[in-house]
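So you can see what is in the structure, the chains are spelled out below.
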Amino acid sequence: MIVAVPAPVDEAAPPAPVLELIDVVKEYPGDPPVVALGSVSLRIDQGELVAIVGPSGSGKSTLLHVIGTLERPTRGVVRVAGEDTSTMSDTQLSGLRARRLGFVFQQFFLLDGLSVLDNVADGLLYRGGHIAERRRLAEAAIERVGLDHRVDHRPNQLSGGEQQRTAIARALAGRPALVMADEPTGNLDSATGASLLELLRELHREGTTIVLITHDLDVAAAMQRRVEIRDGRIVGDTRTGS
Amino acid sequence: MIRGPARDGSGSRLSRRDLLRVGSLGLRNRRLRASLSVLGISIGIAAIVGVLGISQSSKSGLLNELGRLGNLLTVGPSSTAFGQPTELPTTAEGMASRVGPVTNVTEIGAISNIYVYRSSLVPANDTLGISLTATDATFPATLGASVAHGTFLNAATARYPAVVLGAEAASLLGINNLTNPTQVWIGGHWFTVVGILNPVQLVSQMDSMAFIGFPIAEHDFGFDGHPTGLYLRSVPSQVNEVAAVLPPTVNPANPSVVAVNFPSDILKAELVTKGAYNGLLLGLGAIALLVGGVGIANVMVISVLERRSEIGLRRALGASRRHVAQQFLVEALLLSVVGGVAGTVIGALATVVYAISQHQLVQIPDLALYGGVGAALATGAIAGLYPSMRAARLSPTEALRAV
C-alpha cells in the first residue's frame, strides 16, 4: 500500500538527463586485459523505469557499478545529474552517491543491529544533518513502501520481502535522482518478487527514476524500457508505453 | 548543529556525533567480543597503574620511616670467633653517652625465663610470648615511643614493682586502659601496670615486651647489670663516625665482640627490593598491554573481514574512504579507552585497598592515571590503524561482492 507523498522530483535538476554514459570502457588489468564494458553509451532521463537485462557475465553488474560511481571507467564519461564524475575526488564521488544515488541490492544488506527506522535513516547518514531530521525522512520513506507497522523491528524479524522493502525505503529516503536496483527480486520467491516489482512500478509512476538490473526476461518485460547487454556491449534498447 | 540535508554538490560528510554512533555500532552488536578485547587492555593498564600506585604508597611510607630511623643505632653483644656468647660491659651505657655526637642512649636488659601473667592462677607455660625487659626513663625519647595510658617508668617507679606494657603485650593480657589499678604476675611478684605504650613504629619487637626498672630487676630477678642491648641516637651527619668508634668505646677490652647495627639498613634494602620488583611488574604490565593491543588489532582485522558487505554498503550510501577508516579507528579507540578507564579504575582501587590494609597513605602518581588512559589510547590507535586502512582501501564493488 502506497501512501500519497509528493513525487520525489529533484527540483534542482534541469530537464537534462539524469544519467549519461558516453563511450564508457571498463577494462580489468590482465594479459590481455579483460574488457568488461566495451564502449557503452547510454542516456536515462528523469522519470524513466529502465531494465538492464543480460545473462550473467554480460557486464551488467559492472555497468551498474560504473553508473553508481562505485567504480571508475577506464575511459569515457559518466555524468550523474549533469555532473561529470571523472574529475571528482573520492570524497566528492561519495557525496554524489550520498545525495543523488540510491542502491538496492539482491542481498538487501541491512545492518542487523539497527531497527528498520535506523537502517533507513542510515541511507541519509553521509549527507550530514541532524539525526532527528533523518529519522523523519526515513519514516516517510518507510510509509511509502508500506512498512509503517515494522518501524521498530530488527531486520532478522522481517520476511525477505519486508527486508527488501526496507532496503528500497533506504534508497528512497533521500529522494535521489536515480535508484539502482541490482537483481532486487533475486532472493525472493516469485509472489513476493512480483509484489516488489509492483512497488517499483508504483514508485516510478510517482516520478522516481529507476534502473533495474536483471537476468530475468520476465522481470525485464514488465519494465517500460529494456536495455539489453551482452559481452559488455549494448545490443538492444526497446521501449513500450507504460 | 542542525542542518537540513545539504544540497550543495560538495563531498559526503559525517558529523562527529554520527561517527561516534557508527563507530560504536560494532561494539554494541558484538558485546562479548568487545568486552573480551577490553579485558585485555584493562588488565595491562590495571597492572601498570596498580604497580605505580602501590609502590608509590609504600615507598612514601618507607621513606618516612627511614627519615625517622636514619640516626638510630643499636649495639649488642655478638658471639666470639669460636661461637661463645658474650656480654656487654655494665659500663656500656655510660661510655657510649660520652661519645660527642651521641644525643640519646638507652640500655635494655632482657631478663630471660621470666614471663608476665595476668594473674597468679595462669598456668606457667601460658607465657603469651611476652618477654620481660629492664630499661630506664630515657627509653621513650630514644626509640620514639609514646605512652597511650599512664606514664613510663621514672627514677622512682624503677625501684618498685611497676611495669609498663608494650602495645601488643597489653592487648594480649587484655589490659586496654588503666582506669582501675591493675596488677600483673611476674616471676612470683605482683607488679602494678603504670603505663601502656603505643605501638613503637621504629622497632616493632618492643610491642610484645614488658618493661621494668633496673633496680627492681636486680632486686627481684637477680639481673646482673650487663645490658643486652643499647639504643643510640646520634647527630644525623655523624652516624657513620659514631658507629665506627662504638665497639672500642663500649667494650675497650674486646671491641670485636660488639655488634653495631643500623635498623634503617633493613628499610633501605626493602626499598631497593621494591624498586626491583617494580621494574619487573611494570614490564609485565607493559607486556599485558601489548598483548591487549595485539588482541584489539586481531579483533579489528577480523571485524573488517566480517563486515566487508557493511563497508561496501556504506560506500554505496555515500561513505568516503576516510569515513570508513574513521569508523574502524573510532571502534578501536573506543575499545581501548573503555579498557584504559576500566584498567585505571581497577588499578587505583587495588592501590587504595592495599595502602589502607598496610596503613599507608594512598598515593597514586598523576602520571599513572593520565598515562594509563593515554597508553591505552595509543595502543588502540596503533592497533586500529592497519585494520582501518585496510577497510578504507577495500574497493566498494569488491566489498559488495563478498557475501
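All values reported here derive from a predicted model rather than from experimental measurement.

## Notes on the overall build of chain A
Then step 1. Within chain A, the secondary structure is distributed over 7 helices and 10 strands.
Then step 2. Considering only intrachain contacts with a sequence separation of at least 6, the fraction spanning at least 24 residues in chain A is 71%.

## Considerations on the overall build of chain B
Then step 1. Summing up its helical and strand segments, chain B has 12 helices and 10 strands in all.
Then step 2. In chain B, of all internal contacts separated by at least 6 residues, the share reaching a separation of at least 24 is 84%.

## Examining the pairing of strand E2 (residues 34–44) of chain A
Residue and element names in this part refer to chain A.
Then step 1. As defined by bridge partners, strand E1 (residues 19–28) adjoins E2 across 7 bridges and the pair is classed as antiparallel. Residue leucine 21 lies in a different strand from E2, and its bridge partner there is leucine 42.
Then step 2. Hairpin connection of E1 to E2: 5 residues between the antiparallel strands.

## Observations regarding the confidence of the model for chain B
All names here are of chain B.
Then step 1. Averaged over every residue, the pLDDT of chain B is 82; residues scoring 70 or more account for 93%.
Then step 2. Here helix H3 (residues 92–97) stands out as the least confident element of chain B, with mean pLDDT 76; helix H9 (residues 308–317) is the most confident, with 93.
Then step 3. Low pLDDT, under 50, characterises residues 1–9; the stretch is placed with 17 contacts to residues that sit more than four places away or in other chains.

## Thoughts on the interface of chain A and chain B
Then step 1. Listed by partner, the interface residues are 31 residues for chain A and 33 residues for chain B.
Then step 2. The residue inventory of the side of chain A that touches chain B, partitioned by class, reads 10 nonpolar, 13 polar and 8 charged.

## Focus: unusual backbone geometry
All names here are of chain A.
Then step 1. Of note, the bond from aspartate 31 into proline 32 is cis; its omega dihedral lies within 30 degrees of zero at 0°.
Then step 2. The topology assignment puts proline 32 in the loop between E1 and E2.
Then step 3. For alanine 81, which is not glycine, the phi dihedral falls at a positive 50°.
Then step 4. Within the secondary structure layout, alanine 81 lies in the loop between strand E4 (75–80) and strand E5 (83–84).
Then step 5. By C-beta crowding, alanine 81 is classed as buried, having 23 other C-beta atoms within 10 Å.
Then step 6. Here the phi dihedral of arginine 175 falls at roughly 45°; this positive angle occurs in a residue that is not glycine.

## Remarks on helix H5 (residues 160–172) of chain A
All names here are of chain A.
Then step 1. The first and last C-alpha atoms of H5 sit 18 Å apart over 13 residues, in line with the 18 Å expected at 1.5 Å per residue.
Then step 2. Counting buried positions along H5 yields 11 of 13 residues, so the element is predominantly enclosed.
Then step 3. Within the sequence span of H5, burial applies to Glu162, Gln163, Gln164, Arg165, Thr166, Ala167, Ile168, Ala169, Arg170, Ala171 and Leu172.
Then step 4. In the core, the buried residues of H5 are packed alongside strand E6 (101–104), helix H3 (116–121), helix H4 (131–144), strand E7 (178–182) and helix H6 (190–205).

## Notes on the sheet that holds strand E10 (residues 233–239) of chain A
All names here are of chain A.
Then step 1. In spatial order, the strands read E6-E7-E8-E3-E9-E10; together these 6 strands make up an open sheet with mixed pairing. Looking along the sheet, the strands with just one partner apiece sit at the ends: E6 and E10. Recorded for the sheet is a direction-independent mean angle of 20° between the axes of neighbouring strands.
Then step 2. By the bridge criterion, 6 bridges tie strand E9 (residues 225–230) to E10 in an arrangement that is antiparallel. Of the residues in E10, the one forming a bridge with arginine 230 is arginine 233.

## Here's the deal with the sheet that holds E2 of chain A
Then step 1. Strands sit in the order E2-E1-E4-E5 (chain A) across an open sheet of 4 strands; the sheet is antiparallel. Looking at strand neighbours, the two that pair on one side only are E2 and E5 of chain A, the edges of this open sheet.

## A few points about the environment of leucine 200 of chain A
Residue and element names in this part refer to chain A.
Then step 1. You can see leucine 200 is positioned in helix H6.
Then step 2. Of the residues examined, leucine 200 has 22 C-beta atoms within 10 Å and is grouped as buried.
Then step 3. With 12 residues separating them in the primary sequence, leucine 200 and leucine 212 have C-alpha atoms 9.3 Å apart.
Then step 4. Leucine 200 has contacts with Ala181, Ile210 and Leu212, leaving out every residue within four places of it along the chain.

## Some points on the pairing of E9 of chain A
Residue and element names in this part refer to chain A.
Then step 1. For strand E3 (residues 49–53) and E9, the ladder comprises 4 bridges, and the chain directions are parallel. Note on E9: the bridge partner recorded for isoleucine 52 is valine 227.
Then step 2. In this antiparallel pair of consecutive strands, E9 and E10, the connection spans 2 residues, and aspartate 231 shows a positive phi of 50°.

## Topic: helix H1 (residues 60–67) of chain A
Residue and element names in this part refer to chain A.
Then step 1. Where burial is concerned, most of H1 is hidden: 8 out of the 8 residues are buried.
Then step 2. Listed in full, the buried residues belonging to H1 are Lys60, Ser61, Thr62, Leu63, Leu64, His65, Val66 and Ile67.
Then step 3. Immediately downstream of H1, the backbone of threonine 69 shows phi near 60°, a positive value.

## A look at the packing of helix H10 (residues 321–357) of chain B against helix H11 (residues 366–393) of chain B
Residue and element names in this part refer to chain B.
Then step 1. In the contact formed by H10 and H11, the axes pass within 7 Å of each other and the chain directions differ by 155°. Classed by the angle they form, the pair H10 and H11 counts as roughly antiparallel. At the point where H10 passes H11, the crossing takes the right-handed sense.
Then step 2. Of the residues that constitute the contact of H10 with H11, the class distribution is 19 nonpolar, 11 polar and 2 charged.

## Points about the environment of proline 155 of chain A
Then step 1. Tracing the backbone shows proline 155 of chain A in the loop between H4 and H5.
Then step 2. With 20 C-beta atoms packed within 10 Å, proline 155 of chain A lands in the buried category.

About the thresholds
- Residues numbered from 1 in each chain as written.
- Chains lettered and ligands numbered in written order.
- Predicted model: local features only at pLDDT ≥ 70, side-chain atom pairs only at ≥ 80, totals over all residues.
- Helix = DSSP H or I, 4+ residues; strand = E, 2+ residues; numbered from the N terminus.
- Contact = placed C-beta atoms within 7 Å.
- Pairing = 2+ DSSP bridges.
- pLDDT = per-residue confidence, 0-100.
- Nonpolar A, V, L, I, M, F, W, Y, C, P; charged D, E, K, R; others polar.
- Buried ≥ 20, exposed ≤ 12 C-beta atoms within 10 Å, placed from the backbone.
- Expected span 1.5 Å × (residues − 1).
- Axes fitted to C-alpha atoms, helices over the stretch in contact; angles between N-to-C directions.
- Parallel < 35°, antiparallel > 145°, perpendicular 65-115°, else oblique.
- Left-handed = near helix turned anticlockwise from the far one by under 90°.

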